[in-house]
Amino acid sequence: MAHKVDDRPSWDEYFMGMAELTAKRSTCLRRHVGAVIVKDRHIIATGYNGAPRGVAHCSEIGGCLREEMNIPSGERHELCRALHAEQNAIIQAATLGQSIEDGDIYITNQPCVICAKMIINAGIKRIVVRDGYPDELAVKILDEAGLKVVELKK
């Protein structure tokens, strides 16, 4: 039985679903985040949060340093073994020689300030997020840069 065209997900829902699927590859013990960079409705790159290539994941070394030190979410990012999903997606695009300027990024969580600055300088023009993240400076910087952040609730 054929489905109605009206039953199809919107483009935003479709790409956010891809970000949610990508998040399932995360190796972070605290939060699973996925990102998908899209340009002209084509997926350019994906990323999830996890340790760099050749570096042990937190589960392999016996736990999360940030948890052990009681560091709240959104603070002291330098004390984490992982790259963020947005960072991995931007790096993947660069490794493949793909321009992401004027593209969109779909992320399961609002970016932190570090990722927000990378997104701005990468030339991404639109951010779609599923959930928030406790980083008010990121919100301020994205607003100041004129980046549109769309919250796509389930």
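For clarity, every value in this text was computed on a predicted model and none was experimentally measured.

## Side note on helix H1 (residues 11-23)
Then, number 1: In this model H1 runs 18 Å from its N-terminal to its C-terminal C-alpha over 13 residues, within 8% of the 18 Å that 1.5 Å per residue would give.
Then, number 2: Considered for burial, the residues of H1 that qualify are Asp12, Phe15, Met16, Ala19, Thr22 and Ala23. For H1, the angular spread of the buried residues around the axis is 110 degrees, confining them to a single face.
Then, number 3: Looking at the packing, one finds that the buried side of H1 touches strand E1 (34-39), strand E2 (42-48), strand E3 (104-109) and strand E4 (126-131).

## Section: the UniProt feature "binding site: Zn(2+)" (unreviewed entry) in the protein
Then, number 1: Here, the residues flagged by UniProt with the feature "binding site: Zn(2+)" (unreviewed entry) are His84, Cys112 and Cys115. These annotated residues cover 32 residues of sequence, but their C-alpha atoms sit close together, with the largest distance between any two at 8.9 Å.
Then, number 2: Summarising the element assignment, His84 is placed in the loop between helix H3 (65-68) and helix H4 (85-95).
Then, number 3: Not counting residues within four places of it along the chain, the set of residues in contact with His84 comprises Tyr48, Asn49, His77, Cys112 and Cys115.

## Comments concerning the packing of H4 against helix H5 (residues 113-122)
Then, number 1: Relative orientation of the contacting elements H4 and H5 amounts to 30 degrees, with a least axis distance of 9 Å. Overall, the two elements H4 and H5 adopt an arrangement that is roughly parallel. Crossing geometry of H4 relative to H5 is assigned as left-handed. In this structure, H4 contributes Glu86, Gln87 and Ile90 to the contact, and H5 contributes Ile114, Cys115, Met118, Ile119 and Ala122.

## Considerations on the nonpolar core
Then, number 1: Core analysis: the largest hydrophobic core is formed by 22 residues, its most contacted members being Ile37, Ile100, Ile105, Ile107, Ile119, Ile124 and Ile127.
Then, number 2: Apart from residues lying up to four places away in sequence, Ile119 is in contact with Glu86, Ile90, Ile105, Ile107, Pro111, Ile124, Ile127 and Leu147.
Then, number 3: One finds Met16, Ala19, Val36 and Val128 within the second-largest nonpolar core, a separate group that totals nine residues.

## As for the packing of aromatic side chains
Then, number 1: Counted under the stated rule, the structure contains four aromatic pairs.
Then, number 2: Taking 5.9 Å as the distance between ring centres and 85 degrees as the angle between the ring planes, the aromatic pair formed by Trp11 and Tyr14 counts as edge-to-face. With a gap of three residues between them, Trp11 and Tyr14 both fall in helix H1, about one helical turn apart.
Then, number 3: With centroids separated by 5.0 Å and ring planes inclined at 65 degrees, the aromatic side chains of Tyr14 and Phe15 adopt a geometry described as edge-to-face.
Then, number 4: Every member of this aromatic cluster is reached through a ring pair, and the members are Trp11, Tyr14, Phe15 and Tyr106.

## Some points on the UniProt feature "active site" (unreviewed entry) in the protein
Then, number 1: Under the local residue numbering, the UniProt record ascribes the feature "active site" (unreviewed entry) to Glu86.
Then, number 2: Within the fold, Glu86 resides in helix H4.
Then, number 3: The residues contacting Glu86, other than those within four sequence positions of it, are Ala35, Ile105, Ile107, Asn109, Pro111, Cys112, Cys115 and Ile119.

## Remarks on empty space enclosed by the protein
Sizing a probe to match a water molecule and rolling it over the atoms shows the empty space that remains.
Then, number 1: With the rule as written, the count across this model stands at one cavity of 30 Å³ or more.
Then, number 2: What the largest cavity holds in volume is close to 40 Å³.
Then, number 3: If you trace the largest cavity, you find it lined by Thr27, Cys28, Gly50, Ala51, His57, Cys58, Arg81 and Ala82.
Then, number 4: Among the residues forming the lining of the largest cavity, the class breakdown is four nonpolar, three polar and one charged.

## Quick word on the side chain of Asn109
Then, number 1: Note on placement: Asn109 falls in strand E3.
Then, number 2: By relative accessible area, which is 9% here, Asn109 ends up buried.
Then, number 3: Engagement of the side chain of Asn109 in a polar contact is seen with the side chain of Thr108, the distance being 3.4 Å.
Then, number 4: A polar atom in the side chain of Asn109 sits 3.2 Å from the backbone oxygen of Gly132.
Then, number 5: Not counting chain neighbours up to four residues away, the residues in contact with Asn109 comprise Arg31, His32, Val33, Glu86, Val129, Asp131 and Gly132.

Criteria and thresholds
Residues numbered from 1 in each chain as written. Predicted model: local features only at pLDDT ≥ 70, side-chain atom pairs only at ≥ 80, totals over all residues. Heavy atoms only, no water. Helix = DSSP H or I, 4+ residues; strand = E, 2+ residues; numbered from the N terminus. Expected span 1.5 Å × (residues − 1). Buried < 20%, exposed > 50% of the residue type's maximum accessible area, 1.4 Å probe, protein only. Arc of directions from axis to C-beta. Contact = heavy atoms within 4.5 Å. UniProt positions renumbered as here; feature names shortened; annotations may be inferred. Axes fitted to C-alpha atoms, helices over the stretch in contact; angles between N-to-C directions. Parallel < 35°, antiparallel > 145°, perpendicular 65-115°, else oblique. Left-handed = near helix turned anticlockwise from the far one by under 90°. Core = buried A, V, L, I, M, F, W, Y, C linked by side-chain atoms within 4.5 Å. Phe/Tyr/Trp six-rings, centres within 6.5 Å; stacked < 30°, edge-to-face > 60°. 1 Å grid on protein atoms, 1.4 Å probe; cavity = no way out; pocket = protein on both sides within 12 Å on 5 of 7 lines; lining within 4 Å. Points joined across faces, edges and corners; volume = space filled by probe spheres on them. Nonpolar A, V, L, I, M, F, W, Y, C, P; charged D, E, K, R; others polar. Polar contact = N/O pair within 3.5 Å; in protein donor to acceptor, adjacent residues only side chain to side chain.

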